[in-house]
Amino acid sequence: MIGTTPVIQITNLHKYYGTTHVLKGIDLSVEAGQVVGYIGPNGAGKSTTLKTLIGLLTDFAGEVRVLGHDVKADPIAVKSRIGYVPENASLYDTLTPMEYLQFIGQLYGMDNETIERRAFDLLKLFELKDYVDARMTTFSKGMRQKVLLISGLLHNPELLFLDEPLSGLDANAVVLVKAIIRQLADSGKTVFYSSHIMDVVEKISDRIIIIAQGQIIADGTFAELQQQHSGSLEQLFGQLTGSDDQQDVATEFIQTLSK
Amino acid sequence: MKQIILWIVGHLFPVWRALGADPDQLKAIVSVKLTMDNRRSYATLGRYGQQKEGKEKNSQFLIVLGTYAFFGLFTGLGMLVAPPKEAIFFPLTISFAYTMVFCAMTLLSDFSSLILDSSDNQIILPRPVSSRTLLMARIVHIAGYLFSIALALSLVGLLVVAIRFGPLAGLMFLTMNVLAAMLMVFLTNVFYLLLMQFTSEERLREIINYFQIIVAVLFYGSYQLLPRLMNVENMTEALDWQNWFYALPPMWMAGAVEMVIQPVFDPRHVVLLVLAVVTPFAGLWFMNRVLGPVFNARLAGLEQDSRPAQTESRNSEKTSSLMQRLSDLLTNNPLERAAFGFIWRITNRDRKFKLKTYPQMAFGLVYIVFMTLGGSKDVFARSNFFYLFALYYTGLFVMTAQYQLSASDDYKAAWVYGSTPISRPGEILSGGMKALIVKLLIPFYALVASYILFYFGLGKSGDVLLAFVNSLNMTMVSALISERRLPFSMAQDVIQRNNTARGLVVFVILTLVGAAHWGLSYVPYGVWGAIPLSMGVYWYLFRQYRQTTWSQIALE
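For clarity, every value in this text was computed on a predicted model and none was experimentally measured.

1. Concerning the overall build of chain B
When helices and strands are tallied, chain B shows 23 helices and zero strands. Expressed as a percentage of its 556 residues, the buried residues of chain B come to 40%. In chain B, once contacts between residues fewer than 6 apart in sequence are set aside, the share between residues at least 24 apart is 81%.

Spelled out as structure tokens, the structure:
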């Protein structure tokens, strides 16, 4: 039964960097067709979790299954069925968007004709039609982000991992990408993303997971989380991660300036 | 170049499959990497990567290949033409050793950033590409360049061998050169891996940086060494066989070629041939199966989530360091002081800066010592002229450093010069100049000067002083006539333009000043008399430099 197999299944995940205990026992299960917002302060272990899920990090303890595959045993099978857009990603910017996307498509084993057609249409939709054959060295952050988003989606993956997907995009592109994320989920795909922009997470997530110091401290829909603490997600996040005295810090900050 | 490599890659699909790589992915990766090399203007490929913008021809690399072929001329003609057939073994060994040393040096210096580049990990590894495919692609990419270098180096040798001993011997010579290059790929990988075992990740880059500096010195040094090597007198005599020769890779290759040349077919030559053929392939296999995964994992660790290093929390009372005391002593306004400290610290830490300047310094020192020791028969080394040359060379080094100072990979951070209320940018320049003089010129000059005084006697102390002040002057002149740029405010390739013209002017001035100094050394008290004059000039030039206004500063 497809409906009952979770697309992501994490059991007791631990991860060390040297002697630093980064992930301290993550348990998580995600069903298909959801938009999952994965948030937490810097250094909480968000990116590490993402890298584990996409098969980049395999020296962890615990079990991680993605789309039914064991990430440790068969990372290539996982990678070929998911899409990933990393944060602050580097891309080979001496290439043109078309060349870059062709290259990425080839790595997924797609045939050139499909890649070219799809890449061109997607670039057109992102208003990059006039830049298809321009080298990306001169591209703005938003333009690069669009190319990256396309490179993560090009092979039409069932499960998409996005790290700070809206960074650098202008207001119109933000609306567009949010709509794309929503419609992907409605068509049965799963989007797992992390972000620091709380308003966005609050609005587009079916489910919100908050991680702090390597552990999940909250998990549920926005409405469910609000039952624990009322207010916006931003306030809630502050309370849960123990930084709800930012007002006082701000006051002290101002005072220090004139000392 | 790209087409040739891709053609070869395309015809070896079964090989890649046998090695456990996905051939289509491998070809895609190699193709993209070569395309990028051709377009890049910054120096990922060291000397090989620099070229004019917009051109999509790797002409720079062809020039480098030409240079290598020219080097090969020495070994090819010098070693392989004269010796009789019976004594060809040792010259062959030298020739292969040369190929190997050059390959290893190239791998360790210019290609190290390629080998240690982990941006692939971010872009390619999240895709369904096995780490073995990626590793193979990287090896093929590097090997493509390396084989070209090996072929260029051995070109003349190849012709000599083929003409003297027939095409079969030539073919053997060629094959052995390629195998030698292959062996070096393996050995450098092992070397890097060993380094990674013993040092932390941050230290590794530091160590490799120093290693690159040493390699660069060796590279320059070999220009000097080569003609001397050819004077080896027993070159034409046959070599007595020793059993430890089995441990020297160049001997394997030489033995294999000798086998065809003589021709001989005894156990010793067979062993050498087997070693020459089997070791590179065994190395490749070992690298693919065992080292590759370890290497990639280690490499991944190099940049992955490196946590910010915390230092013990400092208290706000500053401990007075050497730098602080010097800057209090030597600078007299806040802006100059800021520039002094800034440049002092960055020149300590910026690897690119060190890589561009330190090899020259080390080479200068090696050269001076070498000339006085080894070349004592040399008229030049004994002459009055030589120690002056040595002293002024030191000044030349600081000019390079001063010029390099405007370049940085973080040049974009230079926006702070624009956003802060700086009314006299000349003070930044002068502060930086003071830091350079105190930190680089004085210690290095002291070193060279004490050697000169030790070797030529204390009588030369006047010359040492005058040359010092003159060096300062020339550094100032060079700074004044070049485009003035704020420290660390330009991309590396921007400052590389116009380099030649400037170098020429500096060279002319250097020659004039040096010649004047030389002339003065024949006038009684001429040198001592010139010192105050030169100091006066310096005072004037420095003031000029310090009064640089915004309109005189090049901003790009």
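2. A few points about the sheet that holds strand β5 (residues 69-70) of chain A
Backbone hydrogen bonds are what pair the strands of a sheet, in a parallel or an antiparallel way. All names here are of chain A. Ordered in space as β2-β1-β4-β5, the four strands form an open sheet in which the pairing is antiparallel. Where the open sheet ends on each side, the last strands, each with one partner, are β2 (20-30) and β5. One ladder, built from two bridges, connects strand β4 (residues 61-66) with β5; its direction is antiparallel. Residue pairing for β5: Arg 65 is matched across the bridge by Asp 70.

3. Points about the confidence of the model for chain A
Chain-level pLDDT for chain A is 88 on average; 98% of the residues reach the 70-or-more range. The element-level mean pLDDT for chain A is lowest in helix α9 (residues 233-240) of chain A, coming to 82, with helix α4 (residues 112-125) of chain A highest at 93.

4. So, the pairing of strand β8 (residues 190-194) of chain A
Residue and element names in this part refer to chain A. Along β8, five of the five residues are buried, which leaves the element largely enclosed by surrounding structure. Both faces of β8 are covered, namely the face carrying Thr 190, Phe 192 and Ser 194 and the face carrying Val 191 and Tyr 193. Bridge count for strand β3 (residues 35-39) against β8 is three bridges, and the pairing is parallel. Residue Val 35 lies in a different strand from β8, and its bridge partner there is Val 191. For strand β7 (residues 159-163) and β8, the ladder comprises five bridges, and the chain directions are parallel. Looking at β8, one finds that Asp 163 is bridged to Ser 194. Handedness of the crossover is the feature at issue here: the chain leaves β7, passes through helix α6 (residues 171-186), returns alongside β8, and the resulting connection is right-handed.

5. Details of the interface of chain A and chain B
Across the contact, 23 residues belong to chain A and 20 residues belong to chain B. Where the side of chain A that touches chain B is concerned, the elements lending two or more residues are α1 (46-53), α2 (75-81) and α3 (97-107) of chain A. When residues of the side of chain A that touches chain B are assigned to their parent elements, the largest contribution, four residues, is made by α3 of chain A. When its residues are assigned to classes, the side of chain A that touches chain B shows 14 nonpolar, eight polar and one charged.

6. What to know about unusual backbone geometry
In this structure, Pro 263 of chain B follows Gln 262 of chain B across a cis peptide bond, with omega equal to -15°. For Pro 263 of chain B, the position within the fold is in the loop between α11 (249-261) and α12 (267-303). For Asn 12 of chain A, which is not glycine, the phi torsion reads 50° and is therefore positive. Among the structural elements, Asn 12 of chain A can be located in strand β1 (residues 8-17).

7. Description of the environment of Phe 397 of chain B
Residues and elements named next belong to chain B. With respect to the secondary-structure elements, Phe 397 resides in helix α17 (residues 384-404). When the 25 C-beta atoms within 10 Å are taken as the criterion, Phe 397 is described as buried. Discounting chain neighbours no more than four positions away, the residues touching Phe 397 are Gln 360, Met 361, Gly 364 and Phe 444.

8. Quick notes on the sheet that holds strand β6 (residues 82-85) of chain A
Residues and elements named next belong to chain A. Reading across from one edge, β6-β7-β8-β3-β9-β10 is the order of the six strands in this open sheet, with mixed pairing throughout. Edge positions in the open sheet fall to β6 and β10 (215-220), since each of these has one partner strand only. Sheet twist, expressed as the average angle between the axes of neighbouring strands with direction ignored, equals 15°. Sheet analysis places strand β9 (residues 207-212) next to β10, joined by five bridges and oriented antiparallel. Across the sheet, the residue bridging to Ile 209 is Asp 219, located in β10. Contacts from helix α5 (residues 141-153) reach β6 and β7, with the element oriented near 165° to β6.

9. Quick word on the environment of Ala 449 of chain B
Take Ala 449 of chain B: it is sitting in helix α19 (residues 426-456). By the C-beta count within 10 Å, which is 22 here, Ala 449 of chain B ends up buried.

Conventions adopted
- Residues numbered from 1 in each chain as written.
- Chains lettered and ligands numbered in written order.
- Predicted model: local features only at pLDDT ≥ 70, side-chain atom pairs only at ≥ 80, totals over all residues.
- Helix = DSSP H or I, 4+ residues; strand = E, 2+ residues; numbered from the N terminus.
- Buried ≥ 20, exposed ≤ 12 C-beta atoms within 10 Å, placed from the backbone.
- Contact = placed C-beta atoms within 7 Å.
- Pairing = 2+ DSSP bridges.
- pLDDT = per-residue confidence, 0-100.
- Right-handed = clockwise from strand over helix to strand, strands pointing away.
- Nonpolar A, V, L, I, M, F, W, Y, C, P; charged D, E, K, R; others polar.
- Axes fitted to C-alpha atoms, helices over the stretch in contact; angles between N-to-C directions.

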